[in-house]
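Next come the chains, spelled out residue by residue.
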Amino acid sequence: MNVKIKRVDKSLPLPKYETDGSVGFDLLCRESAEIAPHSIVLIPANVIVETPPGYMLMVCLRSSTPRKFGLMMTQGVGIVDNDYCGEADELKIQVYNFTDEPVTIEKGSRIAQGVFVRVDTAKWHEVDQMSASSRGGFGSTDR
């Protein structure tokens, strides 16, 4: 898949897949940031990405980020639409410092990753009754 990408700070490398088996590419912090305890900050990820039609770009934390830095994504995962690719649309990583101490992230740190996910747009067909019977609610299979 060919994807158009623009770096904001050309002194930082393009995102890359670290191994042949990686499905996510690492995003780098464009600038150092200090995140106060129990606060939310947007960290610029240095790239503007033109996600191909039929895909979305999902942004997730790297699995080591909570343990190493005491940070988590407030919304759990970021979803980047196809039309978020203008000159001012740099990807940003929204993080929450869940520790009681300030956390410093250095420029170039890898704290998040991007994954392209194939998507489709639903065409709604409204009905008055669903054809399947109800199977229960949350946790209903843990009887």
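Basis of the calculations
Residues numbered from 1 in each chain as written. Predicted model: local features only at pLDDT ≥ 70, side-chain atom pairs only at ≥ 80, totals over all residues. Heavy atoms only, no water. Phe/Tyr/Trp six-rings, centres within 6.5 Å; stacked < 30°, edge-to-face > 60°. Buried < 20%, exposed > 50% of the residue type's maximum accessible area, 1.4 Å probe, protein only. Pairing = 2+ DSSP bridges. Helix = DSSP H or I, 4+ residues; strand = E, 2+ residues; numbered from the N terminus. Axes fitted to C-alpha atoms, helices over the stretch in contact; angles between N-to-C directions. Contact = heavy atoms within 4.5 Å.

*Asks:* Summarise the packing of aromatic side chains; cite the residues concerned and give the values.
*Replies:* According to the stated counting rule, one finds two aromatic pairs in the structure shown. A ring pair is formed by Y17 and F25, whose centres lie 5.6 Å apart and whose planes are at 70 degrees; its orientation type is edge-to-face. On the accessibility criterion, F25 (6% relative accessible area) is buried. Ring-pair connections join several aromatic residues into one group, and the members of that group are Y17, F25 and F116.

*Asks:* Can you lay out the sheet that holds strand 6 (residues 55-61) for me, pointing to particular residues and giving the numbers?
*Replies:* Taken together, the four strands give an open sheet; going across it, the order is 2-11-6-8, and neighbouring strands pair in antiparallel fashion. Both edges of this open sheet fall to strand 2 (25-28) and strand 8 (78-80), since each of them pairs with a single strand only. For this sheet, the mean angle separating the axes of adjacent strands, direction not counted, is 35 degrees. Alignment of strand 6 against strand 8, held across three bridges, turns out to be antiparallel.

*Asks:* Go over the side chain of D9, please, and point to the residues and values.
*Replies:* You can see D9 is positioned in the loop between strand 1 (4-7) and strand 2. D9 has contacts with R30, N46 and K107, leaving out every residue within four places of it along the chain.

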